[in-house]
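Take a look at the letters that make up each chain.
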Amino acid sequence: MIVVKLGGSHALSPLLPGWLAAIERAAGRVVVVPGGGPFADTVRSAQPAMGFGDDAAHDMALMAMAQYGRALTGLAAGFVYADTMDAVHAAVARGLVPVWSPWPMLRAHPDIPRTWDVTSDSLAVWLAAALGARGVVLIKHCDPAQEDAVDAAFSAFAARFGGFVRLLGPDDRGAAEMVFSASFDAAA
């Protein structure tokens, strides 16, 4: 199994359908972690304007990921919403693509700092470790070599994960499919 984090910045991008199709071809072998996209952007802009703290913002950001995830399940056949580990495993077993929701599972999880230092990037690695996945592929809408391409907590989460981690940019669909195929071929 591979965890694929689909960046929320793809939500309004013309590249989204192509990424969904590439991921769907790996159904039964991948789990999608949605970014927060425009839903998390609303939280980011509302926090300073309204003045609520990081604790509330963290919960709202998890819900933003759930919203983007639910939207993805409405866009691609074979994508199903999964808000528990049992639902993730059941979807994979049925040859589907589970789109994982961290809400409410991670709301008060002791391993997850409740700050903007932890985003869907780190949560994808956390989920991969929890599932015993072979690896994580982060599909970014920016250049993955960019210094701030991942969140501040990412390196700590990645250091605890035993599998591979790949960062891909918006035009790396072919590379994603090769990573999926090579990883699964090696497992056979």
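What counts, and at which threshold
- Residues numbered from 1 in each chain as written.
- Predicted model: local features only at pLDDT ≥ 70, side-chain atom pairs only at ≥ 80, totals over all residues.
- Heavy atoms only, no water.
- Helix = DSSP H or I, 4+ residues; strand = E, 2+ residues; numbered from the N terminus.
- Expected span 1.5 Å × (residues − 1).
- Buried < 20%, exposed > 50% of the residue type's maximum accessible area, 1.4 Å probe, protein only.
- Contact = heavy atoms within 4.5 Å.
- Axes fitted to C-alpha atoms, helices over the stretch in contact; angles between N-to-C directions.
- Parallel < 35°, antiparallel > 145°, perpendicular 65-115°, else oblique.
- Nonpolar A, V, L, I, M, F, W, Y, C, P; charged D, E, K, R; others polar.
- Phe/Tyr/Trp six-rings, centres within 6.5 Å; stacked < 30°, edge-to-face > 60°.
- Lys NZ or Arg CZ within 6 Å of the ring centre and 35° of its normal.
- Arc of directions from axis to C-beta.
- Left-handed = near helix turned anticlockwise from the far one by under 90°.
- Polar contact = N/O pair within 3.5 Å; in protein donor to acceptor, adjacent residues only side chain to side chain.
- Pairing = 2+ DSSP bridges.
- Right-handed = clockwise from strand over helix to strand, strands pointing away.

## As for helix 3 (residues 54-73)
Working step 1: The end-to-end C-alpha distance of helix 3, which contains 20 residues, comes to 28 Å, matching closely the 28 Å that a straight helix rising 1.5 Å per residue would cover.
Working step 2: Among all positions of helix 3, only Ala57, His58, Asp59, Ala61, Leu62, Ala64, Met65, Ala66, Tyr68, Gly69, Leu72 and Thr73 are buried.

## Some remarks on the environment of Ala149
Working step 1: Tracing the sequence through the fold places Ala149 in the loop between strand 5 (135-139) and helix 6 (154-160).
Working step 2: Ala149 sits 20 residues away from Gly169 along the chain, and the two C-alpha atoms are 9.8 Å apart.
Working step 3: Once you skip the residues sitting within four places of it in the chain, Ala149 turns out to touch Asp121, Lys140, Cys142, Asp143, Pro144 and Leu167.

## Some words on the packing of helix 4 (residues 85-93) against helix 5 (residues 120-131)
Working step 1: Relative orientation of the contacting elements helix 4 and helix 5 amounts to 75 degrees, with a least axis distance of 12 Å. Put simply, helix 4 runs roughly perpendicular to helix 5. Counting all contacts with helix 4, which are made through Met85, Val88 and His89, the residues of helix 5 involved are Trp126, Leu127, Ala130 and Leu131.
Working step 2: A per-class count over the contact of helix 4 with helix 5 returns 6 nonpolar, 1 polar and no charged.

## Quick notes on the packing of aromatic side chains
Working step 1: Summed over the entire model, instances satisfying the criterion amount to 1 aromatic pair.
Working step 2: Relative to Trp126, the ring of Trp100 has its centre 6.2 Å away and its plane inclined at 25 degrees; by these criteria the two rings are stacked. Placement of Trp100 in strand 4 (residues 97-100) and of Trp126 in helix 5 is noted, with a sequence separation of 26 residues between them.
Working step 3: Judged by relative accessible area, Trp100 falls into the buried class, the value being 0%.
Working step 4: Overall, Trp126 belongs to the buried group, its relative accessible area being 13%.
Working step 5: Above the plane of the ring of Phe157 lies Arg160, whose end atom (NZ or CZ) is 4.8 Å from the centre.

## Let's talk about helix 1 (residues 16-24)
In an α-helix, one turn spans 3.6 residues, which is why side chains three or four residues apart end up on the same side.
Working step 1: Those residues of helix 1 not exposed but buried are Leu16, Trp19, Leu20, Ala22 and Ile23. The buried residues of helix 1 occupy one face: seen down the axis, they fall within an arc of 160 degrees.

## Observations concerning the packing of helix 2 (residues 37-50) against helix 3
Working step 1: Axis separation between helix 2 and helix 3 bottoms out at 8 Å; the angle between their running directions is 160 degrees. When the interaxial angle is binned, helix 2 and helix 3 end up roughly antiparallel. Considering the relative orientation of helix 2 and helix 3, their crossing is right-handed. Residues Phe39, Ala40, Val43 and Gln47 of helix 2 touch helix 3, and the partners they reach there are Asp54, Ala57, Met60, Ala61, Ala64, Gln67 and Tyr68.
Working step 2: The class makeup of the residues in the contact of helix 2 with helix 3 is 8 nonpolar, 2 polar and 1 charged.

## Side note on the side chain of Thr73
Working step 1: Residue position: Thr73 is located in helix 3.
Working step 2: When near neighbours in sequence (up to four residues on either side) are disregarded, Thr73 contacts Phe79, Val80, Tyr81 and Val99.

## A closer look at unusual backbone geometry
Working step 1: For the bond from Trp103 to Pro104, the omega torsion is 5 degrees, close enough to zero to count as cis.
Working step 2: Here Pro104 lies in the loop between strand 4 and helix 5.

## Brief notes about the environment of Asp143
Working step 1: Topologically, Asp143 is positioned in the loop between strand 5 and helix 6.
Working step 2: Put simply, Asp143 and Met85 are 58 residues apart on the chain and 31 Å apart in space, counted from C-alpha to C-alpha.
Working step 3: Polar side-chain contacts of Asp143 include one of 2.9 Å to the backbone nitrogen of Ala145.

## Description of the pairing of strand 1 (residues 2-6)
Looking along a regular strand, one sees the side chains alternate between the two faces of the sheet.
Working step 1: In terms of burial, strand 1 is a largely internal element, 5 of the 5 residues being buried.
Working step 2: Residues Ile2, Val4 and Leu6 of strand 1 are buried on one face, and the alternating residues Val3 and Lys5, pointing to the opposite face, are buried as well.
Working step 3: In terms of strand pairing, strand 1 meets strand 2 (residues 30-34) through 5 bridges, oriented parallel. Across the sheet, residue Lys5 finds its bridge partner in strand 2, namely Val33.
Working step 4: For the crossover that starts at strand 1, traverses helix 1 and ends in the parallel strand 2, the hand is right-handed.
Working step 5: Pairing of strand 1 with strand 5 involves 5 bridges; the strand directions are parallel. Across the sheet, Leu6 pairs through a bridge with Ile139, a residue of strand 5.

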